[in-house]
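Residue-level structure breakdown
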Amino acid sequence: ILEEFGGSKTKHVLLSVLLHYLRLWDQAAARRVDYFIANSKATAGRIKKYYGMDSEVIYPPVDVNKHKVNKENKGYFLIVSRLAPYKKIDTAIHAFNKLELPLMIVGEGRDRTRLESIAGPKVSFKGFVDDEKLPDLYAGARAVIFPGEDDFGIVPVEAMASGKPVIALRRGGALETIVEGVTGEFFDESHEAILSESIRQFLENENTYDCGVIRK
């Protein structure tokens, strides 16, 4: 709709008005809710902050039985994600370009062209991978990178079900599923230098991770 109104100033004004009414509608709708369900404690915290309401946390189901543990790996790090700017895939690409380590990216999205343009020779894009083939990619990974913030984050759980450690941004639902130093490691800011340092630390501690413990 905004594209029909031409210049950026007009778009900005229209969007501001639209968002104002959406906020009013959202607040009114929230007051009519009898019972809130959140997909993580992180989401429950936001519901409490913005609506002043308590909520019941029900985590999303993850079929861990379709994933298998492979003690060996094929040397690559893995990202499984929709390719959208807020997923911070570019941060990971810059870090792996700098480290010159192999990174495999699974997923599609509107940001793919831009991400491919900044990817170095060690970064590969697999596009969409179906559910039957994805467990093999998890099983072959050295570790899984989770560079963005998600409300819950199914990918880290799938990775750990495969016995693979996760290197994740210290935000959102990842804090509720990853045990630091046992099933993965965190980095504190979405910045390539900080992620690079976290990966270096992981490489130093890689032999301390037990795939059976991670799976459990």
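Going by the structure above, here's the rest.
For the structure given in this document, a descriptive report is provided here. (Residues numbered from 1 in each chain as written. Predicted model: local features only at pLDDT ≥ 70, side-chain atom pairs only at ≥ 80, totals over all residues. Heavy atoms only, no water.)

**Quick look at the environment of S162**
- Topologically, S162 is positioned in the loop between α6 (154-161) and β7 (166-169).
- Separated by 62 residues in the primary sequence, S162 and E100 place their C-alpha atoms 25 Å from one another. (Helix = DSSP H or I, 4+ residues; strand = E, 2+ residues; numbered from the N terminus.)

**Quick word on the packing of aromatic side chains**
- Inspection of the entire model under this criterion finds five aromatic pairs.
- Measuring from centroid to centroid gives 6.1 Å for F77 and F202, while their planes differ by 75 degrees, and the two rings are edge-to-face. With F77 in strand β3 (residues 76-80) and F202 in helix α8 (residues 192-205), the pair connects residues that are 125 residues apart, well separated along the chain. Of the two residues examined, F77 and F202, each falls in the buried class. (Phe/Tyr/Trp six-rings, centres within 6.5 Å; stacked < 30°, edge-to-face > 60°. Buried < 20%, exposed > 50% of the residue type's maximum accessible area, 1.4 Å probe, protein only.)

**Let's talk about helix α2 (residues 41-51)**
- For α2, the set of buried residues is T43, A44 and I47. Axial view of α2: buried residues confined to an arc of 105 degrees, hence all on one face. The outward face of α2, more than 90 degrees from its buried face, is lined by the exposed residues K41 and K49.
- On its buried side, α2 packs onto β1 (36-38) and β2 (55-57).
- At the N-terminal end of α2, a side-chain oxygen is found 3.3 Å from the backbone nitrogen of A42, two or three residues along, and the residue is S40.
- Phi turns positive one or two residues past the end of α2, at G52, with a value near 70 degrees. (Arc of directions from axis to C-beta. Contact = heavy atoms within 4.5 Å. Polar contact = N/O pair within 3.5 Å; in protein donor to acceptor, adjacent residues only side chain to side chain.)

**Overview of the sheet that holds β7**
- Overall, parallel pairing links the six strands, which are arranged β5-β4-β3-β6-β7-β8 in an open sheet. Sheet topology places β5 (123-127) and β8 (184-187) at the edges, where each strand pairs with a single neighbour. On average, adjacent strands in this sheet sit at an angle of 25 degrees to one another, irrespective of strand direction.
- Of the strand pairs in this sheet, β7 and β8 are connected by four bridges, and their pairing is parallel. Residue pairing across strands places I167 opposite E185, the latter belonging to β8. (Pairing = 2+ DSSP bridges. Axes fitted to C-alpha atoms, helices over the stretch in contact; angles between N-to-C directions.)

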